[in-house]
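Descriptive analysis of the structure
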Amino acid sequence: MRVTKRLVPVAYRDVLRVTGFRRLLSGEAVSYLGDGLSVVTISLLAIRIAAPEQAALVVGAAVAAYTLPAALGALALAPWLRRVDARTLVTANALLRAGGLGAAAVLHLLGLLSPAGYVALLAVSSLLVAWGSAGTYTLVSRLVPDEHRLPANTLLGTSQTTAIIVGPPLAGLLVAATGPGVALVIDALTYLVLAAQLRRIPAAAAPAEPDAAGTTGGFRLLARRPELLGLLALTAVFFFLYGPVEVALPLFIVDTLGRSAGFLGVYWAVFGVGALLGGLLAGALRRVAPWPFTIAVIAGWGAALLPFGFTTSTWITLVGLAAGGLIYGPFPAFNITLFQSAAGPADLPAVLAARGSITVAAAPIGAAFGGPLVHWLGPGGTLLASGAATVALAVVAGGLRLAGTARRRAVPVPAATAG
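Predicted model only: the values in this text are computed from it and were never measured. (Residues numbered from 1 in each chain as written. Predicted model: local features only at pLDDT ≥ 70, side-chain atom pairs only at ≥ 80, totals over all residues. Heavy atoms only, no water.)

**Considering the side chain of Gln197**
Just so we agree on the cut-off: Counting from the N terminus, the helices are DSSP H or I runs at least four residues long and the strands are E runs at least two residues long. Only protein chains enter the area calculation, which uses a 1.4 Å probe; residues under 20% of their type maximum are buried, those over 50% are exposed, and those in between are partly exposed. We call two residues in contact whenever any of their non-hydrogen atoms come within 4.5 Å of each other.
Locating Gln197 in the fold gives a position in helix H11 (residues 180-198). The exposure class assigned to Gln197 is buried, which follows from its relative accessible area of 16%. Excluding anything up to four places from it in sequence, Gln197 contacts Arg23, Ser26 and Gly27.

**What to know about the layout of surface pockets**
Counted only if it meets this: In this analysis a 1.4 Å probe is tested at points of a 1 Å grid over the protein atoms alone, and where it fits but cannot get out there is a cavity; an open set with protein on both sides within 12 Å along at least five of seven lines is a pocket; lining residues have an atom within 4 Å of a point. Grid points are joined across faces, edges and corners, and a volume is the space filled by probe spheres set on the points. Amino acids are sorted into nonpolar (Ala, Val, Leu, Ile, Met, Phe, Trp, Tyr, Cys and Pro), charged (Asp, Glu, Lys and Arg) and polar (every other residue, Gly among them).
Approximately 350 Å³ is the volume attributed to the second largest pocket. Gly230, Trp291, Ala397, Leu400 and Arg401 are the residues nearest the centre of the second largest pocket, which is lined by 15 residues in total. For the lining of the second largest pocket, the secondary-structure elements that each account for two or more residues are helix H13 (226-256) and helix H18 (348-410). At 10 residues, the largest contribution of residues to the lining of the second largest pocket is made by H18. Considering only residue class, the lining of the second largest pocket consists of eight nonpolar, three polar and four charged.

**Some thoughts on the packing of aromatic side chains**
Put simply, the rule is: For this analysis, a ring pair means two rings from Phe, Tyr or Trp (six-membered ring only for Trp) whose centres lie within 6.5 Å, classed as stacked if their planes differ by under 30 degrees, edge-to-face if by over 60, and tilted for the remaining angles. Placement of a charge over a ring requires the Lys NZ or Arg CZ to be within 6 Å of the ring centre, with the centre-to-atom vector within 35 degrees of the ring normal.
Under the definition given, this model contains 12 aromatic pairs. Taken together, a centroid distance of 6.2 Å and an interplanar angle of 50° make the contact between Phe238 and Tyr328 tilted. Taken together, the residues span a long stretch of sequence, with Phe238 in helix H13 and Tyr328 in helix H16 (residues 314-328) at a distance of 90 residues. Among the aromatic residues, those joined into a cluster by ring pairs are Phe238, Phe239, Tyr242, Phe271, Trp301, Tyr328 and Phe331. Its guanidinium or amino end placed over the ring of Tyr66, Arg97 lies 4.0 Å from that ring's centre, counting from NZ or CZ. Geometry around Phe339 places Arg355 over its ring, the cationic atom sitting 5.7 Å from the centre.

**Looking at the nonpolar core**
Here is a general trend for soluble globular proteins: nonpolar side chains tend to be buried in one another's company. Our working definition: Grouping buried Ala, Val, Leu, Ile, Met, Phe, Trp, Tyr and Cys residues that are joined through side-chain atoms within 4.5 Å yields what is termed a nonpolar core.
Phe21, Tyr118 and Tyr267 are the most contacted members of the largest nonpolar core, which has 94 residues in total. In this structure Tyr267 touches Leu249, Ile253, Leu257, Phe308, Thr314, Thr317, Leu318 and Leu321, once residues within four positions along its chain are discounted. In this structure, Leu37, Ala171, Val175 and Ala183 belong to the second largest nonpolar core, which totals five residues.

**Here we look at the side chain of Asn93**
When you line up the elements, Asn93 lands in helix H7 (residues 86-109). Discounting residues that sit within four places of it in the chain, Asn93 has contacts with Ser125, Leu128, Val129 and Gly132.

**Remarks on helix H3 (residues 19-49)**
In an α-helix, one turn spans 3.6 residues; hence positions three or four apart end up facing the same way. Selection rule: In this analysis, the expected span of each helix is defined as 1.5 Å times one less than the number of residues it contains. The bend at a residue is defined as the angle formed between two axes, one fitted to the seven residues ending at that residue and one fitted to the seven starting there.
In a regular helix each residue adds 1.5 Å, so 31 residues correspond to 45 Å; H3 covers 44 Å between its end C-alpha atoms and thus fits that length. Residue Ser38 marks the point of greatest curvature in H3, where the axis turns by about 40°.

**A closer look at a nonpolar patch on the surface**
For clarity, the cut-off: Exposure above 30% relative accessible area and no salt bridge define the residues that can form patches, which grow by joining like charges within 9 Å and nonpolar side chains of Val, Leu, Ile, Met, Phe, Trp and Tyr within 5 Å. Throughout, the Shrake-Rupley method with a 1.4 Å probe supplies accessible areas, and for residues the shown protein chains are the sole cover considered. Here, a salt bridge means any Lys or Arg side-chain nitrogen found within 4 Å of an Asp or Glu carboxyl oxygen.
On the surface, a nonpolar cluster with roughly 370 Å² of combined accessible area is contributed by Val106, Leu107, Leu110 and Leu112. Residue placement: Leu107 occurs in helix H7. On the basis of relative accessible area, Leu107 is assigned to the partly exposed category, the value being 31%.

**Side note on helix H9 (residues 129-143)**
Between its first and last C-alpha, H9 extends 21 Å over 15 residues, near the 21 Å set by a 1.5 Å rise per residue. Counting buried residues in H9 gives 11 out of 15 residues, a clear majority hidden from the surface.

So, to be careful, I would describe these as geometric facts and stop short of saying anything about function.
Given below as structure tokens:
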């Protein structure tokens, strides 16, 4: 017991004493492992069922269908979901994920899965992802006291990072041993585990408010809160500027370094370990101002990419990406914590779903620009441009933040009226 207390920071011990949060964390950790498996499984199953000349097209469509419909679901389903209980939102997403993935797996095992049917099932399975994520962090805000939200969000984030590190190699072993269909069945089962754990958490109904719902309800709420709207804009641009990295990094490794495509896994593993350590360390920090810290993280990630434009040293670029992971690790938890602190409990699911509709789409849109950028600047030049633009974003955000603070301090305080 004493060894555990020394190894686990007090901030995490306090959060893990909350029974409801422990159950939520355990269920989400298992479902995150399913997401980690899907990184490999979704693509390999697409290759298995596609004609050789259409493999690239089917893989691209499958990967997009597994993520992008979440943005559509966040907007189109807002009139019906923005006041739904947070636990119900997470459960509905888990069951839809399990149903869509499970149906695809069973059809494949029966030899009945077509590429079009596969893409359609993946698209259906992802419709509620933004709402499920919104429900998860709304539950955190209701289960955990305000002062413990950052470590709680960090535990969820590091569970997700761990799954991204562990999931792909585990999926590779499963596919090699049993085939992609069985691996996808296991992926689906992880969401059923989450749904089962959610049944053990007391429902926390959102209080009703006389606020008209609309397809952009979350954005209407954000428009009334400039602080949140500015944070969403900052996050969206940050993720957009990250998008070209996913295109340029593989080409940097293959074309510039002359390494095999498999060496990409080493780079992402190093990044993942750094992000895991950074997230855990940041969650134990206290009295950290979230906005300045968020801006510093954005600047640090951009700076970590700059060496790619000036060197072809494998060790230097690996260290740069590891440092980038260490710096980026705290960002998701701090970002979510800012939203939880600024939005009311009744509005939080709609606000977080609106946030998710933007953040889910930002990186893929940025990646779409990555191809032309690589053709124009080369892989190293594209990574350098992404890093420089990200540093510039942090500078602009910091300047705007300081200017806003100065304006607020300059507003004169009305003198007290004599009685």
